[in-house]
Amino acid sequence: MIVNNEQDVTKAVLAEIARAPDPRFREVMSAFVRHLHAFAREVKLTEDEFQKAVGYIVECGKRTTESHNEVVLMSGSLGFSTLICLLNNGNRGQTETTANLLGPFWRPESPRMPNGASLVRSPTPGTPMFVDAWVKDQAGKPVAGADVDIWHSSTEGYYENQDPAQADMNLRGKFTTDADGHIGFRSIKPSGYPIPVDGPVGDLLRSQGRANMRPAHLHFLIHKQGYKAHVSQVYTDDDPHLETDSQFGVTRRLIGHYVLHENEPAPAPDVKGPWYSLEYTFEIEPGIAKLPRPPITAKARGERPAIERLKRA
Ligand SMILES: [Fe+2]
């Protein structure tokens, strides 16, 4: 089609999409093009702004490596990851859910461990923590034999993949629920951490005076045939960044009660000082047990990066 004016170009693109044999492709791509063109019209996007936007997309790709995913970080920073999660879980957005965004730090090959084992694989400072978690279905019945993958950051605010000083797979492990749908493990209490801001995500946050902190949390990924793969995070209730999470992940349901025990014997005899406990129950839904695409595949090499902390203006 010969394009005579700015309206024609949208019609021309939509006419080509209409030729695609896959109906879902037609639905998604025609809506995408309609909204994208409408967006440019609404804000009267200038050529300079368009070129800047292209530059950001190119830079997100360039910065994405085997140990860092800038695209996933950008999606979280725009609230898009949480939106996709809430549209697709909790009976497709109708009910409260224990699902949450995946984030950029899941590695699929974490070591399988027996219930009660520790995630600490190299010396890692922090207050000891003992976690009991249960997996139930929507009727409240325990789900036995589910894989539960867990990962979290160190007290210094680094996932092991970012931090050559930590052992491979430190603070990661995969457990299997018992007949009561239960897993238990030991680690250190997670800390809040700054997300990397040396790329386009940093520019985005600085331009709004946003902080780059994430409130402390544990990540979980629950997987069992017959159930929709359940990605979650459980946030600590004492974190100062619950209201200003740079990834917009915190929902009420996902704030866990991390209990401090100062004068009680710990479940392990080597723990003499204070320790934390957490109990949490996940509710999973029937569906396809498809695991997400891994955002990263390897650990960073070289020096541990210094991550700037942006203060909220
Ligand atoms: Fe995280």
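Now for a look at the structure at hand. Not measured: the values here are computed from a predicted model. (Residues numbered from 1 in each chain as written. Predicted model: local features only at pLDDT ≥ 70, side-chain atom pairs only at ≥ 80, totals over all residues. Heavy atoms only, no water.)

1. Focus: the overall build of the chain
And step 1. Within the chain, the secondary structure is distributed over 7 helices and 11 strands.
And step 2. Along the first, second and third principal axes, the C-alpha atoms of the chain reach 80 × 45 × 30 Å.
And step 3. Burial statistics for the chain: of 313 residues in total, 48% are counted as buried.
And step 4. Across the chain, contacts joining residues at least 24 apart in sequence account for 74% of those joining residues at least 6 apart. (Helix = DSSP H or I, 4+ residues; strand = E, 2+ residues; numbered from the N terminus. Buried < 20%, exposed > 50% of the residue type's maximum accessible area, 1.4 Å probe, protein only. Contact = heavy atoms within 4.5 Å.)

2. Here we look at the environment of Ser232
And step 1. Following the sequence through the fold, Ser232 ends up in strand β8 (residues 230-236).
And step 2. Separated by 11 residues in sequence, Ser232 and Leu221 place their C-alpha atoms 6.1 Å apart.
And step 3. Excluding residues that lie within four positions of it along the chain, Ser232 makes contacts with Thr98, Asn100, Leu218, His219, Phe220, Leu254 and Phe282.
And step 4. A polar contact is formed between the side chain of Ser232 and the backbone oxygen of Thr98, at a distance of 2.6 Å. (Polar contact = N/O pair within 3.5 Å; in protein donor to acceptor, adjacent residues only side chain to side chain.)

3. What about the coordination of the iron ion?
And step 1. Distances from the iron ion to its protein donors, namely Tyr159 (OH), Tyr193 (OH), His217 (NE2) and His219 (NE2), fall within the range 1.9 to 2.1 Å.
And step 2. What the 4 donor atoms of the iron ion show is an angle range of 91 to 163 degrees at the metal, which sorts the shape as irregular.
And step 3. Within one chain, the residues donating to the iron ion are spaced in sequence as Y-x33-Y-x23-H-x1-H. Of this pair, Tyr159 sits in the loop between β2 (147-151) and β3 (172-176) while Tyr193 is found in strand β5 (residues 193-194), placing the two residues 34 residues apart along the sequence. The burial state of Tyr159 is the same as that of Tyr193; both residues are buried. (Donors = N, O, S within 2.8 Å, 3.2 Å for Na, K, Ca; no water. Tetrahedral: all angles 85-135°; square planar, octahedral: opposite > 155°, others 65-115°.)

4. Points about the pairing of β8
The side chains of a regular strand alternate, first on one face of the sheet and then on the other.
And step 1. In terms of residue burial, β8 counts as a mostly covered element, since 7 of its 7 residues are buried.
And step 2. Side chains His230, Ser232, Val234 and Thr236 of β8 all project onto a buried face; the interleaved residues Val231, Gln233 and Tyr235 project onto the opposite face, where all are buried too.
And step 3. Note: strand β7 (residues 217-223) against β8, 6 bridges, orientation antiparallel. By the bridge assignment for β8, Phe220 is matched with Ser232.
And step 4. Where β7 folds back on β8, the antiparallel hairpin that results is connected by 6 residues, among which Gly226 adopts a positive phi of roughly 95 degrees.
And step 5. Across 2 bridges, β8 lies against strand β9 (residues 255-256) in parallel orientation. (Pairing = 2+ DSSP bridges.)

5. Comments concerning the side chain of Asn69
And step 1. Secondary-structure assignment places Asn69 in the loop between α3 (47-63) and α4 (70-77).
And step 2. With a relative accessible area of 10%, Asn69 lands in the buried category.
And step 3. Among the polar contacts listed, one links the side chain of Asn69 to the backbone oxygen of Pro295, at a separation of 3.0 Å.
And step 4. Those residues in contact with Asn69, other than ones at most four positions away along the chain, are Thr64, Pro104, Pro295 and Ile296.

From the geometry alone we can't say anything about function, so treat these as descriptive.
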